[in-house]
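Listed below are the residues making up each chain.
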Amino acid sequence: MTVVKNNHLNVISQSIEQNRDLYIQTSQAIHAKPEIGNEEVFASKELVSILERSGFDVQTAVAGHETSFYAIRDTGKEGPTIAYLAEYDALAGLGHACGHNIIGTTSVAAAIALSEVIYETGGRVIVLGTPAEEGGPNGSAKGSFVKHGFLKDVDVALMLHPSGKTSLTSETLAVDPLDFHFHGKAAHASGAPHKGINALDAVIQLFNGINALRQQLPSDVRIHGIITHGGDAPNIIPDYASARFYIRASTWSRTEETANKVRKIAEGAALATGATVKVERFQNEVKDFVLNAVLDEVLGEELENVGEDVITEKRAGKGSTDAGNISYEVPTTHGHIKIGPDNLIGHTIEFREAAKSKVGDEAIIKGAKALANTGYRLLTDAELLHRIRKEFEKAVAEKQS
């Protein structure tokens, strides 16, 4: 059994090493041509092409996103289904300052390497090409993959995110992304102000109401927003005004609770000014992350096996990721791999440059090996997979209690 395992691990490693130049060139090409969410035509095409040449059956434009894809290699033999999550969108104005060129390429490389041995182990390998992780209109596509049923037959989902330090999955915040559209009545602001209904006043009331609410909120809640339209001219009473808010908290249930309070503030602002209001999500909601200590331990061991120094202390700040939506459906890991100095901060020019550096290139190769080897252990160790599943069920129940 040990000989077979070692042979399989050698096949996985050789697959990644033999395609080293291809994967690095792909990451560099995606980095050089950044595309924002749901516009990742080039990046998606590059990754799909590699998967198809490697024997994967690929469907494109799935789950309501033109630049998404679902790639599968199925042995037809009984066994687990391992999914790799691929991101490849960039930030507006900053390019790949979150390193998604590395994420997508690493997940594809890992899936291809693991697929080289599954005809002996059994099971399936899947790559979910998920656009617009950074959000925006129709953003956070992993939520769409959940809603369209693409996680129903998946046993475990895996991915790695570039960072200043190699570490395991962090706690994240849930997000309810809301647009507030207020409609009033236009009038001459000087000649006949009494004839108008000021939609901008309603938006200002919304901000004031939220500021008053902050005093009564738990410490984990974050509410931040902008005015997206405030009128057209100062001498016209605005008949339309709008605002966009992110409402965040440590759990999705608390996020929903807070969002409902904000919705009521908007209704009150409309009532106070005589305006009407429509509230809508401009992208998928983003859930907090359901941590899985057993799965993280496996990934941590495999990262150490490829030479990474895994940092175990908690990360200082909390962001959000739509991988959280996946983590509510199946056991999921969202580890981090070092691509630059320890103090590297995401969404900066420095991070963008690190995402195309030699350290970043090497992170693709090492990360792919760690992810593929993690997948292999899950395919071949039923008892381990069972423990991961039990840990998942317990963690989800605690989140929902």
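Residues numbered from 1 in each chain as written. Predicted model: local features only at pLDDT ≥ 70, side-chain atom pairs only at ≥ 80, totals over all residues. Heavy atoms only, no water.

Next up on the list: the overall build of the chain. A tally of helices and strands in the chain yields 13 helices and 12 strands. Its C-alpha atoms give the chain a radius of gyration of 23 Å, within 12% of the compact-globule value 21 Å for 401 residues. C-alpha atoms of the chain, sized along the principal axes, occupy 85 × 45 × 40 Å. Taken across its 401 residues, the chain has 54% of its residues classed as buried. Across the chain, every contact between residues at least 6 apart in sequence was considered, and the portion connecting residues at least 24 apart equals 81%. Accessible area for the chain stands at about 17,200 Å²; split by element, carbon and sulfur atoms hold 49% of it. (Helix = DSSP H or I, 4+ residues; strand = E, 2+ residues; numbered from the N terminus. Rg over C-alpha atoms; globule rule 2.2 N^0.38 Å. Buried < 20%, exposed > 50% of the residue type's maximum accessible area, 1.4 Å probe, protein only. Contact = heavy atoms within 4.5 Å. Areas by Shrake-Rupley, 256 points an atom, 1.4 Å probe, with all protein chains shown as cover.)

With that settled, consider the packing of helix α1 (residues 2-18) against helix α4 (residues 100-115). When two helices pack together, their arrangement is given by the angle between their axes and by how far apart the axes lie. Here α1 crosses α4 at 135°, and the two axes come no closer than 8 Å. Considering the angle they form, α1 stands oblique to α4. For the crossing formed where α1 meets α4, the hand is right-handed. Together, I12, S15 and I16 of α1 and A109, I112, A113 and L114 of α4 make up the contact between the two elements. Split by residue class, the contact of α1 with α4 holds six nonpolar, one polar and no charged. (Axes fitted to C-alpha atoms, helices over the stretch in contact; angles between N-to-C directions. Parallel < 35°, antiparallel > 145°, perpendicular 65-115°, else oblique. Left-handed = near helix turned anticlockwise from the far one by under 90°. Nonpolar A, V, L, I, M, F, W, Y, C, P; charged D, E, K, R; others polar.)

Moving on, we get to the packing of helix α12 (residues 358-380) against helix α13 (residues 382-400). Here α12 crosses α13 at 100°, and the two axes come no closer than 5 Å. Between α12 and α13, the angle falls in the class roughly perpendicular. Only A382, L384, L385 and I388 of α13 make contact with α12, whose side of the interface consists of R377, L378 and T380. Looking at the contact of α12 with α13, its residues break down into five nonpolar, one polar and one charged.

This part covers the packing of aromatic side chains. In this structure the tally under the stated criterion is six aromatic pairs. With a centroid separation of 5.8 Å and an interplanar angle of 10°, the aromatic rings of F69 and Y88 are classed as stacked. Of this pair, F69 sits in strand β2 (residues 69-74) while Y88 sits in the loop between β3 (81-86) and α4, placing them 19 residues apart in sequence. A relative accessible area of 0% places F69 in the buried class. Ring centres of Y246 and F282 lie 6.0 Å apart, and the angle between their planes is 25°; on these two criteria the pair is classed as stacked. Separated by 36 residues along the polypeptide, Y246 in strand β9 (residues 240-249) and F282 in the loop between β10 (276-281) and α9 (293-305) bring together distant segments of the chain. (Phe/Tyr/Trp six-rings, centres within 6.5 Å; stacked < 30°, edge-to-face > 60°.)

The analysis is restricted to geometry; functional conclusions fall outside its scope.
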